[in-house]
Amino acid sequence: MWSNLSRSRSLLTIALLGVLLGSLSLLPTHTTKAAITAYQAADPNLAPYAQNVLDRFVQYKGQYWLGGQQEVHWDNGRKDEMSNAVYARTNPQRYPALRGWDFPIGGALPNDGQWMIDAIISDWTNAKVIPTISQHWTPLASQGTNHQDMFTVVDIDRMFVDGTAERNNYLIWLDNIADDLQQLEDANVPVLWRPYHEAGGGWFWWDKDNGATNYRRLWDDMFTYLVTTRGLHNLIWVWTPGVKGVSTAWYPDGQADILGSDVYNETSGNYVSWYEDLGRFSQTKIKALSETDYMMDPALLSSAPFAYFMIWHTDMFYRNTDSRIQSTYAHWATLNRTNVGQLWNGTLGIAPTATPGTPTPTPLPGIVVSDFEDGTLQGWTGSNLVSGPVVTTDWAANGQRGIKAQVDLAATPAAIQLPIQLNLAGQSRIQIRLSAQNVGNGLNAKLYIKTGSAWNWKDSGTVLLDSGTSLLTIELAGVPDINQVRELGVEFNALTGNTGTATIFADYLTVGVINNNQPTPTTGPIATATRTPTQAPTATSTSIPTATRTPTQGPTSTATSIPTATSTSVPTATRIPTQVPTAVPTSTGGACKVEFKVPSQWGSGFIADVTVTNLQASALNGWNVKFNLPNGQTISNLWNGTVSQTGSAVTVSNAGWNGSIAGNGGSVNFGFQGVGSPPSLASSAFQLNGVNCQ
């Protein structure tokens, strides 16, 4: 939605009609730059340029989002590698509007990431590319020289006892981080600051065996030190839960500006449920896809209006085809380096405009019909209501305002209505968000649409309201005269024998479209347990990488401009990668075929990716793969299966969720982290369920 527009309802109606009816000449080229209501920041003295970021996110919520990419943050020579990779794979070519960073070596050494600070300042000064910065610091005596420390158990109580090693290390880290952030404030750079991320996940030291109380203690201490003691007022505080459904006790209420979801191993449609889960912590806070592997279809912004997405490192290619990368960055809703400046100065149009005389475009996805952020009813009326509708800040599905009305439960039906002329030809659905209080023994609601000269009726079906957010949807396929919408509304009916007065809330009426050009999402296993981080071998170099994802194998890049050479940095991982389907090979006889790849290696180890294809006609229910590592290599960690190793002999068996392999070309994927030099293994070196592969 991001649409806290202060234009009159009549102008909004004209603009919508211009988009939906093709009268594009009625649309303004840009939104007006009238005052917008300031978003309440956690820092009461937030710098104006940082406050502007929050306000613009609200203004354009659900209409646009920032395209973002995590960079290689442990190697100065590769700092632009991922942005360049996005550029090489997009058409027209685009650079991300947001770049993700992570201070190296955990802030243990003064100025250990000066090259990163310089890059961030240059990005913002020259192109208004905003940084998001996370932190994987290690609190032990190693001070960042052993990456495994961030997964250890730490006595947080001792971090607040003067004279302890934990306290001394903590203060050194905090002071060095503040010095780095001070440079960014001196350059007037707003920072999406994301410390202590994935709260309640149970893998990082800041929440491992310490509980929500100590986690909140850490957050509060950092917030107080950076904002109050050091006076840093360029920080926009981003908080992320570790898993869906994590207790609200982890949420630092009053000390967060944006709520983020770190989502892995999911397909595009599932991102809506993650957005809705963040609503448990706050209905009004800005939300973001703060880390993810698979790009959400931007057409879903009407249902999950994230302010930005940020793909983690090379997950961009392991989980996204080139066509998906291209379609996302080519979509009008995805802001990139060429147009992000228009976001910050508030001059983005509410929808793409066309030069007079050009063909009328296809109706656009994610159009916000009603959001009430301008403080008006935007044309809504009511019938048979006790009171209302009125604009309210008591509840909002998105932004800060919705509408409120009261219903006599003994005298229904009642309704809220929007008389409006719309052309929804080509659109797939229309949706509204509702909530209710004091509903007695029950209050039903249905979203309806009336079309054509006969005022044809179509509704969403009945939904029983409660105090949570209810999403009502009308699928528009088959609706007659959809190009002549007469009225939209919500009808309320109480259950038999109900009495009293219910309060109902409504917000965020949106129209969406299915983009048939979008590629089919790649599917992976459904996680049934908390994501478990894995540990990497101890680095032998003073240049310590801080990557926190295990690579999964995806499409092979052919772009010569994207470095994929062996890195001397040690990758680490905190995610179980997902099974990525591979192309079905032509069977030439034999039980199976195996593709063995080494996508990454370093001095003391490597990452291997193995795809096993079943060439038999019959499916397999339960599998094991056997092979030998020829030169004394050992497996330190394996994902998408279980492993046993005796000497050089290795057996990998299925995990609980991927035991079935379809016949005639079905496949399964697993990977592992090895110690030693990477082997080169042919398909014939493997056995599937005791039968040699070809």
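Residues numbered from 1 in each chain as written. Predicted model: local features only at pLDDT ≥ 70, side-chain atom pairs only at ≥ 80, totals over all residues. Heavy atoms only, no water.

Caption draft 1: Structural view of the pairing of strand β20 (residues 485-494). Counting buried positions along β20 gives seven out of 10 residues, so the element sits mostly inside the fold. Where strand β16 (residues 443-451) meets β20, nine bridges bridge the pair, whose relative direction is antiparallel. Considered in β20, the bridge of Lys446 is made with Glu491. (Buried < 20%, exposed > 50% of the residue type's maximum accessible area, 1.4 Å probe, protein only. Helix = DSSP H or I, 4+ residues; strand = E, 2+ residues; numbered from the N terminus. Pairing = 2+ DSSP bridges.)

Caption draft 2: Representation of helix α2 (residues 48-59) within the structure. Helix length check: α2 (12 residues) gives 16 Å between terminal C-alpha atoms against 16 Å at 1.5 Å per residue, within 8%. Buried residues of α2: Ala50, Gln51, Val53, Leu54, Asp55, Arg56, Phe57, Val58 and Gln59, and no others. (Expected span 1.5 Å × (residues − 1).)

Caption draft 3: Representation of the sheet that holds strand β32 (residues 691-692) in the model. The strand order across the open sheet built from five strands is β27-β28-β25-β31-β32, with neighbouring strands paired in antiparallel fashion. One side of each edge strand has no neighbouring strand; the edge strands of this open sheet are β27 (642-646) and β32. Sheet topology note: the β27/strand β28 (residues 649-653) ladder contains five bridges and is antiparallel. Residue Thr642 lies in a different strand from β28, and its bridge partner there is Ser653.

Caption draft 4: Seen up close, the state of the cysteines. A full pass over the atoms with the stated rule returns one disulfide. Residue Cys592 pairs covalently with Cys693 via a disulfide, S to S 1.7 Å. Sign of the S-S torsion, about -100° for the bond between Cys592 and Cys693, identifies this disulfide as left-handed. Of this pair, Cys592 sits in strand β22 (residues 592-602) while Cys693 sits in the segment after β32; the two residues are 101 residues apart in sequence, bridging distant segments of the chain. Taken individually, Cys592 and Cys693 each receive the classification buried, so the pair is uniform in this respect. (Disulfide = S-S within 2.5 Å.)

Caption draft 5: Seen up close, the nonpolar core. Formed by 109 residues in total, the largest nonpolar core has its most connected members in Phe57, Leu66, Trp193 and Tyr196. The biggest single contributor to this core is helix α6 (residues 211-229), with nine residues. With 39 residues, the next largest nonpolar core counts Phe372, Ile420, Leu447 and Leu472 among its residues. (Core = buried A, V, L, I, M, F, W, Y, C linked by side-chain atoms within 4.5 Å.)

Caption draft 6: Representation of the packing of helix α4 (residues 114-127) against helix α5 (residues 165-186) in the model. Running from amino to carboxyl end, α4 crosses α5 at an angle of 20°, the nearest separation of the two axes being 10 Å. With respect to each other, α4 and α5 are oriented roughly parallel. For the element pair α4 and α5, the recorded crossing hand is right-handed. Judged by residue contacts, Gln114, Ile117, Ile120 and Ile121 of α4 engage Asp180, Gln183 and Leu184 from α5. (Axes fitted to C-alpha atoms, helices over the stretch in contact; angles between N-to-C directions. Parallel < 35°, antiparallel > 145°, perpendicular 65-115°, else oblique. Left-handed = near helix turned anticlockwise from the far one by under 90°. Contact = heavy atoms within 4.5 Å.)

Caption draft 7: Structural context of the packing of aromatic side chains. Inspection of every chain in the model, using the stated rule, returns 34 aromatic pairs. Plain terms: the ring middles of Phe596 and Phe686 are 6.3 Å apart, the flat faces sit at 40° to each other, and that makes the pair tilted. Of this pair, Phe596 sits in strand β22 while Phe686 sits in the loop between β30 (666-675) and β31 (687-688), and the two are 90 residues apart along the sequence. With a centroid separation of 6.0 Å and an interplanar angle of 75°, the aromatic rings of Phe606 and Phe672 are classed as edge-to-face. Note that Phe606 is positioned in strand β23 (residues 605-614) and Phe672 in strand β30, a separation of 66 residues in sequence. Assigned by exposure class, Phe606 and Phe672 land together as buried. Through a chain of ring-to-ring contacts, three or more aromatic side chains come together here, namely Phe160, Tyr170, Trp173, Tyr196, Phe204, Trp205, Trp206, Tyr215, Trp219, Phe223, Trp237 and Trp250. A cation over a ring is seen here: Lys287 above Tyr275, with NZ or CZ 5.6 Å from the ring centre. (Phe/Tyr/Trp six-rings, centres within 6.5 Å; stacked < 30°, edge-to-face > 60°. Lys NZ or Arg CZ within 6 Å of the ring centre and 35° of its normal.)

Caption draft 8: Region of the structure containing α6. Between its terminal C-alpha atoms α6 stretches 26 Å, which fits the 27 Å expected from 19 residues at 1.5 Å a residue. Regarding α6, the residues found buried are Ala212, Asn214, Tyr215, Leu218, Trp219, Met222, Phe223, Tyr225, Leu226 and Val227. A positive backbone phi angle near 65° is found at Gly231, which sits one or two residues after α6.

Caption draft 9: Up close: the packing of α5 against α6. Contact geometry for α5 and α6: axes closest at 11 Å, N-to-C directions at 45°. As far as their axial angle goes, α6 and α5 are oblique. Crossing hand, α5 versus α6: right-handed. Here Tyr170, Trp173, Leu174, Asp175, Ala178 and Leu181 of α5 lie close against α6, whose contacting residues are Leu218, Asp221, Met222, Tyr225 and Leu226. Partitioned by chemical class, the residues of the contact of α5 with α6 number nine nonpolar, no polar and two charged. (Nonpolar A, V, L, I, M, F, W, Y, C, P; charged D, E, K, R; others polar.)

Caption draft 10: Focus on unusual backbone geometry. Along the chain, Gly388 connects to Pro389 via a cis peptide bond; the corresponding omega equals 5°. Here Pro389 lies in strand β12 (residues 387-392). The omega torsion of the bond from Thr412 to Pro413 falls at 15°, within 30 degrees of zero and hence cis. Topologically, Pro413 is positioned in the loop between β13 (402-408) and β14 (414-422). Non-glycine residue Lys128 carries a positive phi angle of around 55°. With respect to the helices and strands, the residue Lys128 is situated in the loop between α4 and β3 (130-134). Phi at Asp481 takes a positive value of approximately 50°, unusual for a residue other than glycine. Note on placement: Asp481 falls in the loop between β19 (470-475) and β20.

Caption draft 11: Spatial organisation of the confidence of the model for the protein chain. Mean pLDDT over the protein chain stands at 78; residues scoring 70 or higher make up 77%. Taken as a whole, residues 351-366 scores under 50 in pLDDT and shows 28 contacts with residues more than four places along the chain or in a different chain. A low-confidence stretch, residues 513-589 stays under pLDDT 50, and its non-local contacts, those more than four residues away or across chains, total 210 contacts. (pLDDT = per-residue confidence, 0-100.)

Caption draft 12: Region of the structure containing the pattern of salt bridges. Per the counting criterion, the structure on display carries 18 salt bridges. Here Asp459 and Lys446 are joined by a salt bridge, their closest N and O atoms 4.0 Å apart. In this pair, Asp459 sits in strand β17 (residues 456-459) while Lys446 sits in strand β16, placing the two residues 13 residues apart along the sequence. Asp459 gets classed as partly exposed once you look at its relative accessible area, which sits at 23%. Several salt bridges converge on common partners, so that one network encompasses Glu71, Asp80, Arg99 and Asp123. (Salt bridge = Lys/Arg side-chain N within 4 Å of Asp/Glu carboxyl O.)

Caption draft 13: The arrangement of the environment of Asn438 in detail. Looking at the secondary structure, you find Asn438 in the loop between β15 (429-437) and β16. Overall, Asn438 belongs to the exposed group, its relative accessible area being 56%. Expressed as a C-alpha distance, the spacing of Asn438 and Ile504, which sit 66 residues apart in the sequence, is 8.9 Å. Apart from the residues within four sequence positions on either side, Asn438 is in contact with Leu409, Thr501 and Ala502.

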